[in-house]
Amino acid sequence: TPYDYIIVGGGPGGIIAADRISQAGKKVLLLERGGPSTKETGGTREVAPWAKSTGLTRFDIPGLFENMFGADDPWWWCKDLTVFGGCLLGGGTVINGMLYFPPPTYEFSSVYGWPSEWSNPTAAIAQLLARLPSYTPPSSDNKYYLDQVYTLLKSHFSKKGYSEVVINDNRDWKDSIYGHPAYNFHNGIRSGVTHTYLQTAKARSNFKLMLYTYAHSVVRNGATITGVRTNNTIDLPNGIATLTPKGRVILSSGVYGTARILFTSGIGPTDMIQQVNQSAVASYLPPWNQYINLPVGQYVSDNPSINLVFTHPAVDDFENWQNIWDSPRTADAAQYVASQTGVFASSSPRFNFWKALWGADGKTRWMQGTARPGGWPSTEQSFNTTAVFTITFYLSLGITSRGRIGINSDLKGFPLVQPWFQDPNDKSALLKGITDAIADMKTNLPGLVMITPDNTTTLSAFVDAYDKASMNSNHWVGSTRIGANSSVAVVDTNCKVFNTNNLFVLDAGIIPSQPMSNTHASVMTAAEMGVARILALTGGA
Ligand code: ABL
């Protein structure tokens, strides 16, 4: 059966697109290379041993988040990337820390590369929040649990003139504020696109979901796409999903996945197509004269982030979340099983703050901070091991550094040029931001000890020596960025890949600059805006 829209990738972009387009009555096929994730999606593989009676998985229980990184067989991470990506239904939104901050309006400014048609995200954000409300506090009994890090840092940041706010009450206010993290959980269980948009799409007879279906490339005749070539030869003849005559393909496979599919389809810089040409799937490339040269993988960005680790006698480090899978604290586990409340109804972060920074180059950059109990100190000092907490400082909206991502001939995705601190102004801005944020902290919080960096290392030496790859924040954007022309962008104002007739991208790759906050809310906002534009664009099925 041919489809009006084939959407490749069941993450936030693809699921929102699938729901809105099937709602408009089109025949939609959604392809996802991985399998189910949360209990509601049919996930049974990762039920927490102590939560067997609930059937809830690691993807459902927010408090298991930190164990994503410490599990024995973490099959949910994409195996063909050197960075973290979610290769299962829900994509990044089922394996992330779930911090949910809808973007400020000015994030969509032309200053950050957005076309003028995209300058007002307000309606899209309202649509998103109608489907996916934000909750502070996360536990449905309205209590805060394991909240010592919040109480402690509140006392410091309020003395420094920061205002305490409910962060999502005023999404534009991101200077000198702090608050409790906001989440989109529903009754103590991970929500997000799999609990909302996917469920309404699935209820429609014109929507079809195929799991375990890996897309190799689009099938195309010059500028016209006719289908998607996959590994699923059971459900699709020769593995090829086909389009109706005016049908369209939307790639929503993420910053790395969409780039790989474009390369394998003969779309991208010449050196990347040469990698495909040396790979096992070289035969899927179109003839040379059909190659489309676009800056796929160029201009990516990710927040540089720096972790500082402290101890304070008031803090309970929750054993740095190390026992949460096998032997969690009995009372907390029992409370969660009984009522989906308590410590396990939240992921690890407990405190968020933002500050605007003025750079030596005259540009404004914002810093976000996220603090959590626990952490991984690197220090020669002895320290109070049960009282550890970490503050992560991210440089976010306004960063100017860019990197490049690509693939090798095994089709493995990796950063070719690391995006962090390419511009020294990014580094000096973040260093200044951190310095100001922690000034007076010891005076304000008697008993506080900074253990990383330790007492023999200055902050500036610490930042200088910080391992570049560990600045990775898993917030990649920009590999197929939106823009005015094909020398600097991959998709046009309507998310259509330049020089094609019916190929679109809708995922974090189109976002032209690093967002203000943890990316999934911005990705979902952009998806709502983008799918509306694609549907409104004439010429489609
Ligand atoms: C984010 O937005 C970041 O992408 C994550 O890296 C971060 O989680 C979450 N939010 C929560 O703030 C951290 C974990 O807390 C660490 O334990 C882990 O080592 C790190 O991600 C890995 O990048």
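Each remark here, short or long, concerns the structure printed above.
Scoring rules and cut-offs
- Residues numbered from 1 in each chain as written.
- Predicted model: local features only at pLDDT ≥ 70, side-chain atom pairs only at ≥ 80, totals over all residues.
- Heavy atoms only, no water.
- Pairing = 2+ DSSP bridges.
- Helix = DSSP H or I, 4+ residues; strand = E, 2+ residues; numbered from the N terminus.
- Contact = heavy atoms within 4.5 Å.
- Axes fitted to C-alpha atoms, helices over the stretch in contact; angles between N-to-C directions.
- Near = heavy atom within 4 Å.
- Polar contact = N/O pair within 3.5 Å; in protein donor to acceptor, adjacent residues only side chain to side chain.
- Nonpolar A, V, L, I, M, F, W, Y, C, P; charged D, E, K, R; others polar.
- Domains from an automatic or database assignment.
- Buried < 20%, exposed > 50% of the residue type's maximum accessible area, 1.4 Å probe, protein only.

Asks: Can you lay out the sheet that holds strand β11 (residues 364-373) for me, pointing to particular residues and giving the numbers?
Replies: In space, the seven strands of this open sheet follow the order β3-β4-β10-β11-β12-β9-β15, with mixed pairing throughout. The open sheet has two edge strands, β3 (163-164) and β15 (449-452), and neither has a second partner. Across three bridges, strand β4 (residues 177-179) lies against strand β10 (residues 351-358) in antiparallel orientation. By the bridge assignment for β10, glycine 179 is matched with asparagine 352. Running at roughly 140 degrees to strand β12 (residues 388-395), helix α8 (residues 424-438) makes contact with β9 (305-311), β10, β11, β12 and β15 of the sheet.

Asks: Explain the site of the ligand to me, using residue names and the numbers behind them.
Replies: In the vicinity of the ligand, the residues found are Phe65, Glu66, Phe69, Leu99, Pro349, Thr370, Arg372, Tyr394, Ser473, Asn474, His475 and Asn518. Taking serine 473, its main chain carries an N or O atom lying 2.6 Å from an oxygen atom of the ligand. Taken together, the residues that form the shell around the ligand break down as five nonpolar, five polar and two charged. Among the domains, domain 1 (3-131 + 191-300 + 476-536) and domain 2 (148-187 + 302-400 + 421-471) are the pair contributing at least three residues each to the shell around the ligand.

Asks: Give a detailed account of the environment of tyrosine 197, specifying residues and quantitative values.
Replies: Following the sequence through the fold, tyrosine 197 ends up in helix α4 (residues 197-202). Take tyrosine 197: its relative accessible area is 0%, and that puts it in the buried class. Once the C-alpha coordinates of tyrosine 197 and leucine 128 are considered, the two residues, 69 residues apart in sequence, prove to be 9.8 Å apart. Contacts of tyrosine 197, omitting those with residues within four sequence positions, involve Ile15, Ile16, Asp19, Arg20, Gln127, Leu128, Arg131 and Glu528.

Asks: Outline the side chain of threonine 392, supporting the account with residue identities and numerical values.
Replies: For threonine 392, the position within the fold is in strand β12. Here threonine 392 falls in the buried class, since its relative accessible area comes to 13%. Engagement of the side chain of threonine 392 in a polar contact is seen with the side chain of asparagine 307, the distance being 2.6 Å. Once you skip the residues sitting within four places of it in the chain, threonine 392 turns out to touch Ser305, Ile306, Asn307, Gln368, Gly369 and Thr370.

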